[in-house]
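Listed below are the residues making up each chain.
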Amino acid sequence: MRGVESASLNSGGGIRSSEACAGTGRVSGPVKTSQNKDKTLEKHLKTVENVAWKNGLASEEIDVLLNIALSGKFGNAVNTRILKCMIPATVISQDSVVKAVSWLCVDKCSGSTKVLFYRWLVAMFDFIDRKEQINLLYGFFFASLQDDALCPYVCHLLYLLTKKENVKPFRVRKLLDLQAKMGMQPHLQALLSLYKFFAPALISVSLPVRKKIYFKNSENLWKMALLAVKQRNQGPSPEPLKLMLGPANVRPLKRKWNSLSIIPVLNSSSYTKECRKKEMSLSDCLNRSGSFPLEQLKSFPQLLQNIHCLELPSQMGSVLNNSLLLHYINCVRDEPVLLRFYYWLSQTLQEECIWYKVNNYEHGKEFTNFLDTIIRAECFLQEGFYSCEAFLYKSLPLWDGLCCRSQFLQLVSWIPFSSFSEVKPLLFDHLAQLFFTSTIYFKCSVLQSLKELLQNWLLWLSMDIHMKPVTNSPLETTLGGSMNSVSKLIHYVGWLSTTAMRLESNSTFLLHFILDFYEKVCDIYINYNLPLVVLFPPGIFYSALLSLDTSILNQLCFIMHRYRKNLTAAKKNELVQKTKSEFNFSSKTYQEFNHYLTSMVGCLWTSKPFGKGIYIDPEILEKTGVTEYKNSLNVIHHPSFLSYAVSFLLQESPEERTVNVSSIQGKKWSWYLDYLFSQGLQGLKLFIRSSVHHSSVPRAEGINYNNQY
Amino acid sequence: MKPPPPKFKRFSCLSLLTSWDYRQTMDSYDVPESTPSASSRPEDYFVGATPLQKRLESIRKQTSFIPTPPRRKVPQCSQLQEDVDPQKVAFLLHKQWTLYSLTPLYKFSYSNLKEYSRLLNAFIVAEKQKGLAVEVGEDFNIKVIFSTLLGMKGTQRDPEAFLVQIQSKSQLPSENREGKVLWTGWFCCIFGDSLLETVSEDFTCLPLFLANGAESNTAIIGTWFQKTFDCYFSPLTINAFNLSWMAAMWTACKVDHYVATTEFLWSVPCSPQSLDISYAIHPEDAKALWDSIHKTPGEVTQEEVDLFMDCLYSHFHRHFKIHLSATRLVRVSTSVASAHTDGKIKILCHKYLIGVLAYLTELAVFQIE
């Protein structure tokens with residue numbers, strides 16, 4: 001936008017500087033000055049043209065330029081160029097048009113400029129913000145019909161402007177006179193037939209029946225520009241969220257009935273509604289002035305002001321492109337509205353889905369864009385659509401796992417909360433087949449989207465519980481049922497991840513995604529205030545603990561730390577409430593956690609790795625031939641920490657040729673820990689701070705569950 | 001590919017009628033007892049759930065079980081009520097219709113048909129002259145007529161079917177008769193109970209739409225309906241599975257005098273040009289075959305349909321050594337009606353009109369659910 005402003009300033013400056021050139025021109029001779037002048041003017045005109053065709057001009061800029069073009073300051077050629085590039089960025093203000101018309105009255109510009117101005121006005125008619133003032137000039141325009149050159153264009157303008165009250169007997173007479181003078185001109189006939197339609201009694205002459213009435217197409221100069229403006233205007237620009245319209249809207253190919261785009265254009269339903277009333281004639285319909293039309297809805301305050309008299313769109317699908325109406329739909333919990341939207345979306349998805357039909361892949365881009373629009377709307381509303389879920393049921397079994405992958409997985413993550421065991425055979429079993437047979441990248445994206453699904457469910461549940469009594473939630477009627485469903489989802493992902501780890505031979509990359517999922521899981525109790533703690537399966541825990549990657553181990557420490565926080569918080573609540581609610585966690589969860597904790601502390605801290613926690617028969621350990629196995633997994637010798645230990649020692653004494661990592665003991669041990677923490681291992685820091693007593697005898701600090709049960 | 005059933009008697013092709021006796025061979029098939037009917041739906045909708053959730057429930061059920069119930073009624077003799085205009089019914093027969101499924105119409109009212117015809121008329125004219133100035137006044141040369149097809153329904157609950165016609169106005173005033181019909185389309189719902197249950201009274205459920213006339217007209221009129229009643233048309237295709245059901249059910253119908261041969265068309269996908277196999281049978285032979293298979297009177301089961309088709313396949317294989325089961329069934333025509341996989345249908349028999357439409361409604365409802 002800043003570019004546009006500077007351009008218009010330039011053009012103003014250009015004029016001034018050219019005047020200045022004329023002032024100094026006396027010295028160097030008239031020829032050179034005019035050349036100079038032309039050059040500067042040319043440069044500035046070029047800038048204006050470039051900006052106009054690229055971004056369009058703001059309404060104030062159009063105002064300035066119209067003034068220049070019609071005031072007759074420059075010659076015809078310049079005026080024509082200016083008029084030709086007057087493309088609005090969004091709208092044209094009515095006042096500019098009125099001012100421009102006033103320039104026409106003083107007759108400063110040539111006939112051809114006038115013609116071009118009228119053509120411009122007709123072409124841009126739809127972009128003028130209001131038309132009341134312009135309509136007041138009806139008489140002036142009508143008088144311009146006298147001018148033979150202007151007549152066709154003025155006729156077209158009048159055709160667009162005419163309201164019932166503009167049709168007057170003297171005007172009819174004038175038109176008939178003109179027709180008698182100029183013969184049967186198509187433009188005059190068009191205007192006459194419109195007059196006849198509004199006031200059949202006034203015109204008794206019969207107009208030819210089957211003759212097609214043409215206006216000369218005055219838009220063609222600006223055709224491409226108009227398309228661009230329309231596209232710009234359709235995206236509700238003042239809103240923070242840009243639900244913009246894809247290129248689908250300018251598709252040249254008329255593929256099907258809904259010729260332009262998949263998503264219908266926003267139209268208020270008032271037309272049909274009013275016409276449905278008996279007694280109401282079509283002309284009254286066209287003259288209607290009443291409730292707030294949707295087409296004018298541009299900002300949120302407007303929505304709030306007119307929310308009582310807003311007409312719903314005639315095709316509910318059109319709300320998808322309009323964030324304001326999405327707001328509206330979201331708060332109006334009207335069953336027919338939702339049902340209309342549901343049917344439209346289900347059918348459209350089914351029709352557009354490219355792998356339903358053979359050879360439909362040329363529309364792939366379009367389908368992807370459509371899915372993107374749906375996903376944007378879902379994100380905006382923070383709510384999944386039922387139609388999308390139903391669509392997934394039908395289409396997921398047929399999906400190849402490649403086509404529109406990211407969109408499809410996002411749709412999965414927006415499945416509305418429901419009973420997991422019911423959804424599993426319809427969705428997750430099919431997804432699992434693809435999951436196990438696809439690449440590691442696919443596995444990671446599936447895990448990512450399941451993480452988002454979990455998050456969406458948790459948010460929804462935490463809202464639902466705190467907003468209203470649980471009875472209103474779909475399908476599951478109790479909190480226990482809902483928690484059960486969530487925990488089933490988590491266990492399912494645990495199973496997927498364990499198997500995937502085996503298939504991908506403990507890939508670190510995959511493990512990152514799995515741990516990301518558990519980072520959500522471990523914090524359910526505190527973050528979402530929901531009574532649920534589910535631990536990870538051993539397959540994941542031990543893979544992470546024995547990983548060669550420090551960041552994995554760090555993440556594991558962080559997750560253990562958060563589990564601990566959640567479990568202690570839960571425990572505290574139980575003690576406070578005293579009453580045994582149905583959501584007390586079983587001692588098994590605590591036991592499991594303590595078991596993991598013991599293994600972890602045993603490995604990393606106390607150097608007793610295979611006693612408690614992971615138990616390995618000493619005989620087997622002997623067979624491995626590793627003598628010093630006991631401390632081989634502590635924070636110094638653990639394969640993922642060893643490099644840290646070495647660089648720590650080298651930092652201490654850089655000249656040392658050999659380093660002995662076992663020398664890290666006592667004071668050095670705690671310096672080493674500080675060194676590790678300074679290297680960004682925050683998870684480790686939190687874990688050690690919370691779970692390990694800094695005393696002479698380090699020991700694991702488990703959560704005591706025995707006193708309760 | 002299934003091998004021909006064992007113990008298949010050889011017979012001469014010329015003496016089809018007498019030798020077409022499958023009664024004994026069928027026993028070797030050992031038809032399993034059909035599973036308990038799934039058509040009676042479990043009534044365990046969650047109490048207090050919104051219609052949308054109910055719908056989702058039913059979709060879950062549909063998707064998790066076999067898509068179609070394994071039993072259907074043989075189309076009965078005409079159940080058309082007395083008040084149907086016989087002229088109108090005759091008008092619907094012997095025409096090729098293109099099928100569409102249609103989601104419920106929002107705020108459609110039967111009392112406004114006149115108004116609708118006026119609006120649609122204006123819309124069509126406007127569409128045809130797009131880019132031109134609107135030609136106003138009474139100067140159209142076409143006429144749109146909405147009319148109800150009274151009595152065209154399966155149960156009392158089904159909404160009334162209605163017909164839309166576009167006629168060209170006769171140019172000469174001396175010709176007083178009605179103009180030429182350019183396009184016809186009709187909306188109906190025969191036994192559409194499953195759909196009616198889930199929709200509130202603001203909606204009118206007419207899931208089956210049949211059109212005859214230029215595709216461009218269908219597009220314009222469909223667009224108007226979509227804009228006005230916020231509904232959605234999608235072409236209704238008939239897959240080979242459903243075509244074989246049609247073949248069996250229509251063969252099972254009792255027809256007094258056969259007007260057409262029973263004919264099947266299979267398509268073999270091979271390059272550069274696909275190969276079509278047409279297979280015509282005398283309708284009485286087809287009926288004889290069906291009777292030999294058919295067990296429960298008045299009903300058709302999935303097993304019977306499969307068996308019927310298998311018999312046709314094996315007969316064909318015997319003579320031409322081609323396994324038809326490996327090809328795709330694309331058209332079925334019988335004396336009752338004929339259907340093409342592209343979603344084209346022609347109904348020939350007045351008696352079974354409702355029966356044919358009931359099955360098509362079922363397919364349409366399945367598509368929009």
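Residues numbered from 1 in each chain as written. Chains lettered and ligands numbered in written order. Predicted model: local features only at pLDDT ≥ 70, side-chain atom pairs only at ≥ 80, totals over all residues. Heavy atoms only, no water.

- Per an unreviewed UniProt entry, chain A goes by the name Centromere protein I and belongs to Macaca fascicularis.
- Annotation of chain A in UniProt includes, under Sequence similarities (unreviewed entry), the sentence "Belongs to the CENP-I/CTF3 family." (UniProt positions renumbered as here; feature names shortened; annotations may be inferred.)

1. As for the overall build of chain A
Part 1: For chain A, the helix and strand inventory stands at 32 helices and 0 strands.
Part 2: Within chain A, residue pairs in contact and separated by at least 24 positions form 72% of the contacts whose partners lie at least 6 positions apart.
Part 3: Carbon and sulfur atoms provide 56% of the accessible area of chain A, an area that totals close to 33,700 Å². (Helix = DSSP H or I, 4+ residues; strand = E, 2+ residues; numbered from the N terminus. Contact = heavy atoms within 4.5 Å. Areas by Shrake-Rupley, 256 points an atom, 1.4 Å probe, with all protein chains shown as cover.)

2. Comments concerning the overall build of chain B
Part 1: The secondary structure content of chain B amounts to 11 helices and 15 strands.
Part 2: Classification of the 369 residues of chain B by burial places 53% in the buried group.
Part 3: The long-range fraction of contacts in chain B, counting pairs at least 24 apart against all pairs at least 6 apart in sequence, stands at 71%.
Part 4: Only carbon and sulfur atoms are counted for the fraction: they give 55% of the accessible area of chain B, which is about 17,200 Å². (Buried < 20%, exposed > 50% of the residue type's maximum accessible area, 1.4 Å probe, protein only.)

3. Describing unusual backbone geometry
Part 1: The residue Asn506 of chain A is not glycine, and still its phi comes out positive at about 50°.
Part 2: Checked against the element boundaries, Asn506 of chain A lands in the loop between helix H23 (479-503) and helix H24 (508-521).
Part 3: One non-glycine residue, Phe191 of chain B, lies in positive phi territory at about 55°.
Part 4: Of note, Phe191 of chain B is situated in the loop between strand E6 (181-188) and helix H6 (193-196).

4. Considerations on the environment of Asn506 of chain A
Residue and element names in this part refer to chain A.
Part 1: According to the relative accessible area criterion, Asn506 is partly exposed, its value standing at 48%.
Part 2: Taking the C-alpha atoms as reference points, Asn506 and Ala544, 38 residues apart in sequence, are found 9.0 Å from one another.
Part 3: For Asn506, the residues in contact, after removing those within four places along its chain, are Met501 and Ser543.

5. What about the packing of helix H10 (residues 169-182) of chain A against helix H11 (residues 186-198) of chain A?
Residues and elements named next belong to chain A.
Part 1: Contact geometry for H10 and H11: axes closest at 10 Å, N-to-C directions at 155°. Of the possible angle classes, the one that applies to H10 and H11 is roughly antiparallel. When you trace H10 past H11, the crossing you get is left-handed. Packed against H10, whose contacting residues are Arg171, Val172, Leu175, Leu176, Leu178, Gln179 and Met182, the element H11 presents His187, Leu188, Gln189, Leu191, Leu192 and Tyr195 at the interface.
Part 2: For the contact of H10 with H11, a count of residues per class yields 9 nonpolar, 3 polar and 1 charged. (Axes fitted to C-alpha atoms, helices over the stretch in contact; angles between N-to-C directions. Parallel < 35°, antiparallel > 145°, perpendicular 65-115°, else oblique. Left-handed = near helix turned anticlockwise from the far one by under 90°. Nonpolar A, V, L, I, M, F, W, Y, C, P; charged D, E, K, R; others polar.)

6. Points about the packing of aromatic side chains
Part 1: Considering all chains together, one arrives at 67 aromatic pairs over all chains under this definition.
Part 2: Measuring from centroid to centroid gives 6.4 Å for Tyr100 of chain B and Phe233 of chain B, while their planes differ by 85°, and the two rings are edge-to-face. Within this pair, whereas Tyr100 of chain B is found in strand E2 (residues 96-102), its partner Phe233 of chain B is found in strand E9 (residues 233-235), the two being separated by 133 residues in sequence.
Part 3: Given the relative accessible area of 5%, Tyr100 of chain B is considered buried.
Part 4: Classification of Phe233 of chain B by relative accessible area gives buried; the value is 5%.
Part 5: Across from the ring centre of Tyr590 of chain A, 4.6 Å away, lies the NZ or CZ of Lys571 of chain A, which sits over that ring.
Part 6: Note that Lys95 of chain B overlies the ring of Phe91 of chain B, its terminal NZ or CZ placed 3.8 Å from the centroid. (Phe/Tyr/Trp six-rings, centres within 6.5 Å; stacked < 30°, edge-to-face > 60°. Lys NZ or Arg CZ within 6 Å of the ring centre and 35° of its normal.)

7. Re the nonpolar core
Residue and element names in this part refer to chain A.
Part 1: Ile374, Phe428, Ile490, Phe536, Tyr563, Phe641 and Tyr672 are the most contacted members of the largest nonpolar core, which has 155 residues in total.
Part 2: For Phe641, the contacting residues outside a window of four places in its chain are Thr550, Leu553, Leu604, Val635, Ile636, Tyr672, Leu676, Leu681 and Leu684.
Part 3: If you look at the next biggest cluster of nonpolar residues, it comprises 69 residues, including Ala52, Leu70, Ile134 and Leu194. (Core = buried A, V, L, I, M, F, W, Y, C linked by side-chain atoms within 4.5 Å.)

8. Some points on the pairing of E2 of chain B
Residues and elements named next belong to chain B.
Part 1: Buried residues dominate E2, accounting for 5 of its 7 residues.
Part 2: Of the strand pairs in this sheet, E2 and strand E15 (residues 344-347) are connected by 3 bridges, and their pairing is antiparallel. Paired with Thr98 across the bridge in E15 is Lys344.
Part 3: Alignment of E2 against strand E8 (residues 208-213), held across 4 bridges, turns out to be antiparallel. (Pairing = 2+ DSSP bridges.)

9. Remarks on the pattern of salt bridges
Residues and elements named next belong to chain A.
Part 1: Across all of its chains, the model carries 16 salt bridges over all chains by this definition.
Part 2: We note a salt bridge from Arg81 to Glu49, for which the minimum N-O separation is 3.0 Å. Highlighted residues: Arg81 in helix H4 (residues 76-84) and Glu49 in helix H2 (residues 30-55), separated in sequence by 32 residues.
Part 3: Salt bridges here are not isolated pairs; linked through shared partners, they connect Glu42, Lys46, Glu49 and Arg81. (Salt bridge = Lys/Arg side-chain N within 4 Å of Asp/Glu carboxyl O.)

10. Regarding the pairing of strand E10 (residues 262-268) of chain B
All names here are of chain B.
Part 1: Burial analysis of E10 places 6 of its 7 residues in the buried class, which makes it a mostly covered element.
Part 2: Note: E10 against strand E11 (residues 275-281), 7 bridges, orientation antiparallel. Within E11, the position partnered with Glu263 by the bridge is Ala280.
Part 3: Two strands pair when backbone bridges link them, and E10 and strand E13 (residues 328-333) are joined in this way by 5 bridges, in the antiparallel orientation. What sits directly across from Glu263, in E13, is Ser333.

11. Observations regarding helix H30 (residues 642-652) of chain A
Part 1: Every buried residue of H30 of chain A is accounted for by Tyr644, Ala645, Phe648 and Leu649 of chain A. Taken end-on, H30 of chain A shows its buried residues confined to a sector of 130°, consistent with a single buried face. (Arc of directions from axis to C-beta.)

12. Re the packing of H23 of chain A against helix H26 (residues 538-545) of chain A
Angle between the axes and distance between the axes: these two values describe a pair of packed helices.
Residues and elements named next belong to chain A.
Part 1: Running from N to C, H23 and H26 point in directions that differ by 50°, and their axes come no closer than 8 Å. With respect to H26, the element H23 is oriented oblique. Between H23 and H26, the contacting residues are Ser497, Thr498 and Met501 on the first element and Gly539, Ile540 and Ser543 on the second.
Part 2: Its residues placed into classes, the contact of H23 with H26 shows 2 nonpolar, 4 polar and no charged.

13. Quick word on helix H31 (residues 667-678) of chain A
Residues and elements named next belong to chain A.
Part 1: Its 12 residues give H31 an end-to-end C-alpha distance of 17 Å, which sits within 8% of 16 Å, the value for a rise of 1.5 Å per residue.
Part 2: Residues Trp669, Tyr672, Leu673, Tyr675, Leu676 and Phe677 constitute the buried set of H31.
Part 3: Buried residues along H31 sit in contact with H30 and helix H32 (682-691).
Part 4: Positive phi appears at Gly680, one or two residues downstream of H31, with a value of about 95°. (Expected span 1.5 Å × (residues − 1).)

14. Details of the environment of Cys379 of chain A
Part 1: Looking at the element boundaries, Cys379 of chain A is found in helix H18 (residues 364-381).
Part 2: Separated by 35 residues in sequence, Cys379 of chain A and Trp414 of chain A place their C-alpha atoms 8.4 Å apart.

15. Things to note about the confidence of the model for chain A
All names here are of chain A.
Part 1: Of all residues in chain A, 78% attain a pLDDT of 70 or more, and the chain-wide mean is 79.
Part 2: Ranking the elements of chain A by mean pLDDT puts helix H1 (residues 2-28) last with 39 and H24 first with 96.
Part 3: Contacts from residues 1-30, a stretch scored under 50 in pLDDT, to residues over four places away or in other chains number 25 contacts.
Part 4: Predicted confidence for residues 236-255 stays below pLDDT 50, and this span has 45 contacts to residues more than four positions away or in other chains. (pLDDT = per-residue confidence, 0-100.)

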